Amino acid sequence: MELNMMTTIKGSMMEDFFPAGWDLQKIEDCCATPPEHALDRMPHWHKEFRTEECADVASFNMQMGYEIAKQIKRTRDEGKKLALILSAGPMGMYHWAAYFLRDWNCNCDHVWGFNMDEWSDAEGNTLPGDCPGGFQNAMELAFYGPLGDLTIPKEQRNFATRDNLPTYPEKIQKIKDGGGELITIYGIGRCFHIAFWEPHFAADYANVEEWKKAPYRKGAKLHPMTIEQNSLISFRSRVTLIPARANTIGPGMFLNSDYCIGGVDGVVGRGMNWQGMTFFVTLKYGPDMWVPSSWMPTLPGKFFVVKELEGPLVPECN
């Protein structure tokens, strides 16, 4: 008899825990991919979607940061405006993006920044902009500040507050209508979210076409897996500090991107990681509204992965 989640979930406390639309056996099949086939192209990938392996987290930060800087410089050289949707996790790549842009003396006044999400209460009220743990503060410290005199002008920095988030679609569309581009920088959550667009939101839409049009949510309910992930990576285990809700962009924005730059760097050390499953499901599952990150390979862009996450994903007691 095989003992795993699928054979023991019935009647357990996990039975109603995972999002209803998840196919656990399909997730398991993705995770069982041998390491030598981890980066094999899949039929559903966009022809301009590419993967790039990184030796370790330090390499990940530099390689992803270079790609961000390269796209910012390219659009400036081409005389285009750029709407840049910005993730607050991972963060290490912004140090290198700023480093390369300073080295190239590339002014970023052609860029409009849009933070993709922010912690909130049920009404969409957010933390003060300078609050530790808040994403506005994180972006100011990690990217806007280090750019110095070359930085994105303050009036072109957008944060996902209750009043400003609803203005994102019009602002971005105006840039695109003027010949500009939309590039999304993203990480991926433990439960496969992009921004804080959680998998269980799918239950609120009649079909995938309606889901794909959704532009944003205010005061959205976060999945427990997201809370636990953030307690580990951002709050030093202190779960009581984490808001249970957030404002977030939706697929109506990130699926409208001209190019995307994202990846997974979630290695912890001693053989432990929290993003191996995330990596395999994102690339192998196929587009499904219950798995938001599964759509990213259907868009043009570059996806970075720390080699250790390519498996094999086999048990080891730590």
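See above for the structure.
Note that this is a predicted model, so its numbers are computed, not measured.

Novice: Honestly, the packing of helix H3 (residues 57-77) against helix H4 (residues 92-103) in this entry has me stumped. Any pointers?
Specialist: Helix packing for two helices is described by the angle between their axes and how far apart those axes are. Close contact between H3 and H4 brings their axes to 7 Å; oriented N to C, the two are set at 50 degrees. It follows that H3 is oblique to H4 by the angle criterion. You can see that H3 and H4 cross each other, and the crossing is right-handed. Contacts between H3 and H4 involve Asn61, Met62, Met64, Gly65, Tyr66, Ile68, Ala69 and Ile72 from the first element and Gly92, Met93, Tyr94, Trp96, Ala97, Phe100 and Leu101 from the second. Split into classes, the residues belonging to the contact of H3 with H4 amount to twelve nonpolar, three polar and no charged.

Novice: I'm lost on the nonpolar core in this one. Help?
Specialist: One broad trend across soluble globular proteins is that nonpolar side chains are buried collectively. Among the nonpolar cores identified, the biggest contains 84 residues, and Ile72, Phe143 and Ile185 are the most heavily contacted of them. With sequence-adjacent residues up to four places away left out, phenylalanine 143 is seen in contact with Ile72, Leu84, Tyr94, Ala97, Ala98, Leu101 and Ile152. Counting residues in hydrophobic clusters, the runner-up holds nine residues, among them Trp119, Phe135, Leu222 and Ile227.

Novice: Can you help me understand the sheet that holds strand S8 (residues 245-249) in this one?
Specialist: Backbone hydrogen bonds are what pair the strands of a sheet, in a parallel or an antiparallel way. Strand order in the open sheet made by the three strands is S4-S8-S7, with antiparallel pairing throughout. The open sheet is flanked by strand S4 (117-120) and strand S7 (216-221), the only strands paired with a single partner. Taken over all neighbouring pairs, the strand axes of this sheet differ in orientation by 20 degrees on average, direction set aside. Relative to S8, S4 runs antiparallel, the two being bridged by four bridges. Across the sheet, the residue bridging to serine 120 is arginine 245, located in S8.

Novice: What's the story with the pairing of strand S3 (residues 111-115) in this structure? I'm lost.
Specialist: Residues in a regular strand project their side chains so that they alternate between the two faces of the sheet. Here S3 lies mainly inside the structure; four of its five residues are buried. In terms of strand pairing, strand S2 (residues 82-86) meets S3 through five bridges, oriented parallel. When the sheet's bridge partners are listed, leucine 84 is paired in S3 with glycine 113. This β-α-β element, S2 to H4 to S3, shows right-handed connectivity.

Novice: Quick question: what am I supposed to make of the packing of H4 against helix H5 (residues 135-144) here?
Specialist: Taken N-terminus to C-terminus, the directions of H4 and H5 make an angle of 40 degrees; their axes are 8 Å apart at the nearest point. By the criterion of interaxial angle, the relationship of H4 to H5 is oblique. Here H4 contributes Tyr94, His95, Ala97, Ala98 and Leu101 to the contact with H5, which in turn contributes Met139, Ala142 and Phe143. Of the residues belonging to the contact of H4 with H5, the class tally is seven nonpolar, one polar and no charged.

Novice: Even after reading the chapter, I still don't get unusual backbone geometry, so can you show me in this structure?
Specialist: Trans peptide bonds make up the majority, and among non-glycine residues the majority have a negative phi. Of the consecutive residues glycine 89 and proline 90, the connecting peptide bond is found in the cis state with omega at 0 degrees. Within the secondary structure, proline 90 sits in the loop between S2 and H4. Following glycine 311, the chain continues to proline 312 via a peptide bond in cis, the omega torsion being 5 degrees. With respect to the helices, strands and loops of the structure, proline 312 is situated in the segment after strand S12 (301-306). The backbone of asparagine 105 sits at a positive phi, close to 55 degrees, despite the residue not being glycine. Structurally, the position occupied by asparagine 105 is in the loop between H4 and S3.

Novice: Would you take a moment to explain the packing of aromatic side chains for this structure?
Specialist: When we look at a pair of aromatic rings, we describe it by the centre distance and by the angle of the planes. This model, assessed by the stated rule, comprises 24 aromatic pairs. With 6.0 Å between their ring centres and 35 degrees between their planes, tryptophan 96 and phenylalanine 100 make a pair best called tilted. With tryptophan 96 and phenylalanine 100 both in helix H4 and four residues apart, this pair spans about one turn of that helix. Overall, tryptophan 96 belongs to the partly exposed group, its relative accessible area being 26%.

Scoring rules and cut-offs
- Residues numbered from 1 in each chain as written.
- Predicted model: local features only at pLDDT ≥ 70, side-chain atom pairs only at ≥ 80, totals over all residues.
- Heavy atoms only, no water.
- Axes fitted to C-alpha atoms, helices over the stretch in contact; angles between N-to-C directions.
- Helix = DSSP H or I, 4+ residues; strand = E, 2+ residues; numbered from the N terminus.
- Parallel < 35°, antiparallel > 145°, perpendicular 65-115°, else oblique.
- Left-handed = near helix turned anticlockwise from the far one by under 90°.
- Contact = heavy atoms within 4.5 Å.
- Nonpolar A, V, L, I, M, F, W, Y, C, P; charged D, E, K, R; others polar.
- Core = buried A, V, L, I, M, F, W, Y, C linked by side-chain atoms within 4.5 Å.
- Buried < 20%, exposed > 50% of the residue type's maximum accessible area, 1.4 Å probe, protein only.
- Pairing = 2+ DSSP bridges.
- Right-handed = clockwise from strand over helix to strand, strands pointing away.
- Phe/Tyr/Trp six-rings, centres within 6.5 Å; stacked < 30°, edge-to-face > 60°.

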